[in-house]
Amino acid sequence: MDLRIFTEPQQGATYDTLLTVAKATEDLGFDAFFRSDHYVKMGDVSGLPGPTDAWITLAGLARETKRIRLGTLMTAGTFRLPGVLAIQVAQVDQMSGGRVELGLGAGWYEDEHKAYGIPFPKEKMGRLEEQLEIVTGLWATAPGKTFDFRGSYYELTDSPALPKPAQAKIPVLIGGTGAKRTPRLAARFADEFNMPFGTVEDSARQFARVRDAAAEIGRDADEITFSSALVVCVGKDDRELARRAAAIGREVDELRTNGLAGSPAEVVDKIGRYAETGVQRVYLQVLDLHDLDHLELISAQVQSRLP
C-alpha cells in the first residue's frame, strides 16, 4: 500500500510551506507529494497569502527533491490548452528526472473561473476526452514525426510534438464519481483511477464500473492502479486527535465517518477496509500544512504497519 501526501494550497500556503512539506514527505518515506490545482479558496478560511500555480510549484519541487513522485489531483482541464499542458508536464518531468504524474480532470469550480477570467464551458467532459487524446498523443509521437488532431474543440496541425518527457510514459490519473463517462475515459486513458473522498462501499462500486468499462474495450483492468483520496487526521490520543480536528475546522466524529481519522490503529484498520475493495494507493489529504508532527506520526505508526 502506497501512501502519498496530498495538499490543498489554495486554502493558504506559500511555495516555501509546500517545499517544507514536500521535503518532509521525502524524508519520512512517503511515496509522493501531490497538490490540487485551484486558484480560489474553499470554505471558511482566508486563503492568504493567495494561490500558487500547480505546475510552477511542481517545477520548483522537481529541482528540490530527489526521490518522491510529484503530481496533481487533478489539473483542471479548463485552465490550460492541452498542447501547452503537454509541454509543461514534459518539461517538469525532465526537471525531476522522470518523477512526474499527471492527474487531469474536467474542471468544476466555477467561482475560480469567474475570479480570474477563465472561460468555464458547459461541455467539459467532451473537452476532457480530447485533451487526454492530445496530451497522450503528443507524448507518444515518435521523434521526427508530427502530430495532427481535429476534434470538436481543438485542432493541432503539424505539431513537432516536443519536448518529450524523461519517462517513456508519464502516468495519467483520472478520477471522479461519474457512473458512465468517467469509467469509460479511465478505461481508455488511465494508468491510475482515483476515487475522491468516497466511502468504502461507493469506492467498490466505482472501481467495478471502471473494471467493466475496461473489459468492454478489451483492456486488462489489472493494468490500472486503483487509489483513494481521503482526508487524514491522526492523534496518538483523544486530546491530540481533537486538537488536530479543530485546527482544520472539522469534527472528530465526522472525520471518522468521512475520512481516515482516529488513533493510528484505527486508521490502519480503515485503510485495510479500502484495500479490500482493490485500493493499492491512498492520497492522504493533509489540511494543516504546518503540523509536521502529524506527518511524523503517520509515518511512524500508520505507514510502518501497512503491508
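For the structure itself, consult the block above.
Residues numbered from 1 in each chain as written. Predicted model: local features only at pLDDT ≥ 70, side-chain atom pairs only at ≥ 80, totals over all residues. Heavy atoms only, no water.

Draft legend 1. Structural view of the environment of Pro121. Of note, Pro121 is situated in the loop between α4 (110-116) and α5 (125-140). Look at Pro121 and you get buried, because its relative accessible area is 18%. Setting aside residues up to four positions removed in sequence, Pro121 forms contacts with Thr78 and Arg127. (Helix = DSSP H or I, 4+ residues; strand = E, 2+ residues; numbered from the N terminus. Buried < 20%, exposed > 50% of the residue type's maximum accessible area, 1.4 Å probe, protein only. Contact = heavy atoms within 4.5 Å.)

Draft legend 2. Representation of the side chain of Thr7 in the model. Here Thr7 shows up in strand β1 (residues 2-7). Apart from residues no more than four positions distant in its own chain, Thr7 is found in contact with Leu18, Val21, Phe33, Phe34, Arg35, Ser36, Val286 and Leu289.

Draft legend 3. Quick peek at the side chain of His38. With respect to the helices and strands, His38 occurs in the loop between β2 (32-35) and α2 (54-64). Under the relative-accessibility criterion, His38 is labelled buried at 10%. At 2.9 Å, the side chain of His38 and the side chain of Glu112 are in polar contact. With sequence-adjacent residues up to four places away left out, His38 is seen in contact with Glu8, Gln10, Pro51, Thr52, Phe79, Trp108, Tyr109 and Glu112. (Polar contact = N/O pair within 3.5 Å; in protein donor to acceptor, adjacent residues only side chain to side chain.)

Draft legend 4. Focus on the pattern of salt bridges. Using the criterion set out here, one finds 24 salt bridges in the structure. One salt bridge in this structure joins Arg4 and Glu101, with 2.9 Å as the shortest N-O distance. Of the two residues, Arg4 sits in strand β1 while Glu101 sits in strand β5 (residues 100-105), which places them 97 residues apart along the sequence. Taken together, the shared-partner salt bridges connect Lys236, Glu240, Arg243, Arg244 and Asp291 into one network. (Salt bridge = Lys/Arg side-chain N within 4 Å of Asp/Glu carboxyl O.)

Draft legend 5. Spotlight on the nonpolar core. Among the nonpolar cores identified, the biggest contains 70 residues, and Leu3, Trp55, Leu102, Trp139, Leu284 and Val302 are the most heavily contacted of them. Beyond its immediate sequence surroundings of up to four residues, Leu3 is in contact with Phe30, Asp31, Ala32, Ile271, Val282, Leu284, Ile298, Val302, Gln303 and Leu306. (Core = buried A, V, L, I, M, F, W, Y, C linked by side-chain atoms within 4.5 Å.)

Draft legend 6. Highlighting helix α8 (residues 238-247). Within the span of α8, buried status applies to Glu240, Leu241, Arg244 and Ala245. Down the axis, α8 shows its buried residues gathered within 135° of arc, on one side only. More than 90 degrees from the buried face of α8, the exposed residues found are Asp238, Arg239, Ala246 and Ala247. Contacts made by the buried residues of α8 are with β10 (225-234), α9 (252-258), β11 (260-262) and α11 (292-301). Where α8 begins, the side chain of Asp237 points an oxygen toward the backbone nitrogen of Arg239, at a separation of 3.2 Å. Two residues or fewer after α8 comes Gly249, characterised by a positive phi angle close to 70°. (Arc of directions from axis to C-beta.)

Draft legend 7. Looking closely at the packing of α2 against helix α3 (residues 82-96). Contact geometry for α2 and α3: axes closest at 8 Å, N-to-C directions at 15°. Our classification of the angle between α2 and α3 gives roughly parallel. α2 and α3 meet at a crossing whose hand is left-handed. Of the residues in α3, those in contact with Trp55, Leu58, Ala59, Ala62 and Arg63 of α2 are Leu85, Val89, Val92, Met95 and Ser96. A per-class count over the contact of α2 with α3 returns eight nonpolar, one polar and one charged. (Axes fitted to C-alpha atoms, helices over the stretch in contact; angles between N-to-C directions. Parallel < 35°, antiparallel > 145°, perpendicular 65-115°, else oblique. Left-handed = near helix turned anticlockwise from the far one by under 90°. Nonpolar A, V, L, I, M, F, W, Y, C, P; charged D, E, K, R; others polar.)

Draft legend 8. Here's a closer look at the environment of Val286. The topology assignment puts Val286 in strand β12 (residues 281-286). Those residues in contact with Val286 that sit more than four places away from it in its chain are Ile5, Phe6, Thr7, Glu8, Val232 and Leu295.

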